[in-house]
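# Per-entry structural report
Chain residues, written in single-letter form:
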Amino acid sequence: MHVIEVDRVSRSFRSVKKKAGLKGTLELLVKPEYQESQALQEVSFSIEAGAFVGLIGANGAGKTTLLKILSGLIPASSGKARVLGVDPFERTLDFRRSISLVMGQKAQLWWDLPAVDAFDLIQAIYEIPKAKYQERLHTLAELLDVTRLFQTQIRRLSLGERMKMELIGALLHWPKVIFLDEPTIGLDVLAAHKLREFLREFNHREKATIILTSHNMDDIERLCSRVMILRSGKMIYDGKPEGLTKKGERQLSVRLLEKPTAEELSRQTGVASSQIVLANGETEEEIPEGSVRFTLGNEQIVGTLQKLMQSYQVIDMSIHEPDLEYVIQRMYESGESNEAKGST
Amino acid sequence: MSWRLAALKNGFQEDAAYRVEFFLSIFSSALVPAAIQIILWYALFQLGGQTEVAGWSYAQLIQYTLVSTLFTQVRGGDHDFDLQEMIRTGSLSNYLLKPISAVEFVYLRGVGGRLFVALVCLCIGTLAFAAFGFSIPRLWGAMLLAIAGNVIHYQIGAVLATAAFLWEEAYSLLMVKNMLVQLLSGELIPLNLFPVASQWIWKSTPFYLYVYGPTQYALGNWTHSEYLHGLGMALAWMMGLSVLIRLSWGWGIRKYSSLGG
């Protein structure tokens, strides 16, 4: 059964354009100019009940806009969206009782009060029976290990602790559909790990449908059975995370005694230089210092290694599947270069 | 507990979280207007040698000033400013997704502290009225009218705040409203000191129900029927503004872009 159905949804925003400087300020007062931006373009998909879906995209790709449409905060400019069988923008009481939206960059709890006061208010808002409320609060606090912090003012908590409280506040009413917008943003490794474990457990235990946006590929890889990728408001991928990597594609990492350039390596091995990444400080990718990474088909590996050994002294080597971050980065880069070609 | 009661309690808890600020706020907002009035009346009567201004004696004007202070404390609140800020920054989203009325919720969370102030003023006023032989039931009735004024004040603010859906900046509108309220509520001067020809101005707004009406009733200058008429007017304004809130918010929500995130 489909819990979420999105059919050719588009959304544009109109905003005032302000030029720089005093002249721009005066022009804005007298004759404001407007600009239209297209945040989503004809996006379509559907999601089964109980799914854990990752929504990926660069800044401004339209992820948060999509979540806002699905949670009923803003309407679509065109197209149709249905969540739990209703138009989310109608925001019926039943719908609001059944969903939750957590924004990592926006606090929903009240800063000057201890978390337990905020939870009591949430209990009253959602009319959660006292016994159920206590049981849920206990379960969530145990899972997230924050019981001892209930009496502390929210603003006195660390970012990670606050985020955990936000999650408890967002889940106390046991929503059927949860939208998580970068819930691990700013968290340290341990806190992010705990949150992930918690989300996995909640999804597994309660069969809640979850859509998660994150820039952290760890979040997506470890939690989501399905990934959707947005670029400039368009859906460019919708499928399993494994489907993102080319079948049989591997990454061969070698450490050489010599320091050849990518062009030299390409010449010696016959591998295109676009498939070679050097850890020479000029790239942002995480490759061990002094290493070279080749992205190759299975059948190319042995031949490439032989050629490398004929020309250089190989100190160390390893073969592994490309990680999601690398694949998505490539996907974005190739899309951008295609768009650039298209525009010239 | 219903969410309305819980919101009221929660708002009071939040106000009380900062004790010094909370206790200062109880008496601060009416002090300046009261001081201005006392200086003005002193200048007119003691230095200027007046014996009466528009039918008011010096003692009556001082009584008005002191009693109006009780009701000036109750009027107002800045929850309408909170509302426009929420629209502007997108934090309204937190409330729109909850199964409550966002406008009502923001008011109830904000008014908790103000109701406590009303209770304190009522206690002080009751003691003072008992000591000087004024009618205590009138004081209580006047406080009811002042609380109705507080609701109306927020309702007007809630309607004006919807301008933020369009301009993202309704702050100045609310500021203008507050300045008008200061002038036309009777917290600076008794409104019947206005020239007769311009009395229609304050009579055509609900602002006189915030301070002037309650003070006049508490001091015995309004008859019971004038008071009931004032209460009826307050109810009519509240109902009319409720409809206006529904309309303006129904329109505004469609323009809401939920910034941030």
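What counts and how
- The numbers attached to residues start from 1 for each chain and follow its sequence in the written order.
- Chains carry letters and ligands carry numbers; both start at the beginning, A for chains and 1 for ligands, and go up in the order they are written.
- Under the rules for a predicted model, residues below a pLDDT of 70 receive no local features and side-chain atom pairs below 80 are neither given nor counted, while totals for whole chains, interfaces and linings still include all residues.
- Note on contacts: residues are paired as contacts if their backbone-placed C-beta atoms lie within 7 Å.
- Under the grouping applied here, Gly and all other residues not named as nonpolar or charged are polar, the nonpolar ones being Ala, Val, Leu, Ile, Met, Phe, Trp, Tyr, Cys and Pro and the charged ones Asp, Glu, Lys and Arg.
- All domain edges in this entry derive from an automatic or database-based domain assignment.
- Here a residue counts as buried when 20 or more other C-beta atoms fall within 10 Å of its C-beta, as exposed when 12 or fewer do, and as partly exposed in between; the C-beta atoms come from the backbone.
- To qualify as a helix, a DSSP run of H or I must reach at least 4 residues; to qualify as a strand, a run of E must reach at least 2; elements of each kind are numbered from the N terminus.
- When DSSP finds at least two bridges between two strands, those strands are taken to pair.
- Lines fitted to C-alpha atoms define the axes here, with helix axes fitted over just the stretch in contact, and angles between the N-to-C directions of these axes take values from 0 to 180 degrees.

Turning our eyes to something else, we now look at the interface of chain A and chain B. On the side of chain B, 23 residues touch chain A, which itself brings 28 residues to the contact. When grouped by side-chain class, the residues that make up the side of chain A that touches chain B number 14 nonpolar, 5 polar and 9 charged.

The domains assigned to chain A are domain 1 (2-243) and domain 2 (248-321). Computed over C-alpha atoms, the centres of domain 1 of chain A and domain 2 of chain A are 40 Å apart.

Next up on the list: the pairing of strand 5 (residues 99-103) of chain A. Residues and elements named next belong to chain A. For strand 5, a buried count of 5 out of 5 residues is recorded, marking the element as mostly surrounded by other parts of the structure. Burial along strand 5 is two-sided: the face carrying Ile99, Leu101 and Met103 and the face carrying Ser100 and Val102 are both buried. As paired elements, strand 5 and strand 6 (residues 177-181) share 5 bridges and run parallel to each other. When the bridges of strand 6 are listed, Leu101 appears paired with Phe179.

Residue and element names in this part refer to chain A. Taken together, 4 strands build an open sheet; the order of strands is 11-12-10-13 and the sheet is antiparallel. The open sheet has two edge strands with one neighbour each: strand 11 (276-278) and strand 13 (314-320). This sheet shows a mean twist of 20° between the axes of neighbouring strands, independent of strand direction. Bridge count between strand 10 (residues 249-256) and strand 12 (residues 291-297): 7 bridges; the pairing is antiparallel. Across the sheet, the residue bridging to Arg255 is Ser291, located in strand 12.

All names here are of chain A. Unlike most non-glycine residues, Asp145 shows phi in positive territory, near 60°. Of note in this structure, Ser232 is not a glycine but carries a positive phi near 50°. Here Ser232 shows up in the loop between strand 8 (226-231) and strand 9 (234-239). Take Ser232: there are 17 C-beta atoms within 10 Å of it, and that puts it in the partly exposed class.

Next up on the list: the sheet that holds strand 1 (residues 2-17) of chain A. Residues and elements named next belong to chain A. Spatially, the 3 strands line up as an open sheet ordered 2-1-4, and their pairing is antiparallel. Looking at which strands have only one partner, the edges of the open sheet turn out to be strand 2 (33-48) and strand 4 (78-83). Neighbour-to-neighbour, the strand axes of this sheet turn through a mean angle of 30°, independent of strand direction. Bridge analysis of strand 1 against strand 2 gives 12 bridges, and the strand direction is antiparallel. Counterpart to Val9 in the pairing with strand 2 is Val43.

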